Amino acid sequence: MVQIKQQEGRLSRRVLLSAMIAGIAVAVVFTVTPWNYIPTEVTENVTVIAVMEYGCVGESQYGMSVVVSDCSAQVGDTVSATFNVPSGLLNGYWEELERRQNPMVDIWDRNVDGSGFSQ
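Student: Quick question: what am I supposed to make of the pattern of salt bridges here?
Tutor: Any two side chains of opposite charge can pair, given that their charged atoms come close. In this structure the tally under the stated criterion is one salt bridge. A salt bridge links arginine 100 to glutamate 96; its shortest N-O distance comes to 2.8 Å. Of this pair, arginine 100 and glutamate 96 both sit in helix α3 (residues 93–101), four residues apart, which is roughly one turn of that helix.

See the structure below:
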């Protein structure tokens, strides 16, 4: 005769730990969204704002300063530059995050500097 042993329906610690790690990984991916911080290579024409001994410094349309080596342009000229920009800046994630965190702050308030006291 064959005896059948019935095992209790408990999961092992290894299975539970694996499930917890997988759950935490999924939660982190959807809350932190790392693809918004990965840099993206961009090539664009930048306006030269300074000429240094190591090259030109230009300003991109994203407001970033870009160094172009071996540049013979003058201030105000436009040169082509390749540089890295965070993906969140390109796809609008950071602006949306700022808008959601500070819903009562409008564009005018963001551009005001100072302590708010008149002199």
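Don't stop here, the text continues.
Student: Any chance you could explain the nonpolar core here in plain terms?
Tutor: The tendency in soluble globular proteins is for nonpolar side chains to be buried as a group. Judged by nonpolar contacts, Val42, Val46, Val48, Cys56, Val66, Val68, Cys71, Ala73, Val79, Ala81, Phe83 and Val85 together constitute the single largest core of 12 residues. Looking at this core, the elements that each hand over two or more residues are β1 (39–52), β3 (65–68) and β4 (78–86). When residues of this core are assigned to their parent elements, the largest contribution, four residues, is made by β4. Ignoring sequence-local partners within four residues, the contact set of valine 68 consists of Val46, Tyr54, Gly55, Cys56, Val79, Ser80 and Ala81.

Student: What exactly am I supposed to notice about the pairing of strand β2 (residues 55–59) here?
Tutor: The side chains of a regular strand alternate between the sheet's two faces. Among the five residues of β2, four are classified as buried, and the element is accordingly described as predominantly covered. Where β1 lies against β2, five bridges are found, and the strand directions are antiparallel. Bridge pairing in β2 places alanine 50 opposite valine 57. Linking β1 back to β2 in an antiparallel pair, the connection comprises two residues.

The rules behind the values
Residues numbered from 1 in each chain as written. Predicted model: local features only at pLDDT ≥ 70, side-chain atom pairs only at ≥ 80, totals over all residues. Heavy atoms only, no water. Salt bridge = Lys/Arg side-chain N within 4 Å of Asp/Glu carboxyl O. Helix = DSSP H or I, 4+ residues; strand = E, 2+ residues; numbered from the N terminus. Core = buried A, V, L, I, M, F, W, Y, C linked by side-chain atoms within 4.5 Å. Buried < 20%, exposed > 50% of the residue type's maximum accessible area, 1.4 Å probe, protein only. Contact = heavy atoms within 4.5 Å. Pairing = 2+ DSSP bridges.

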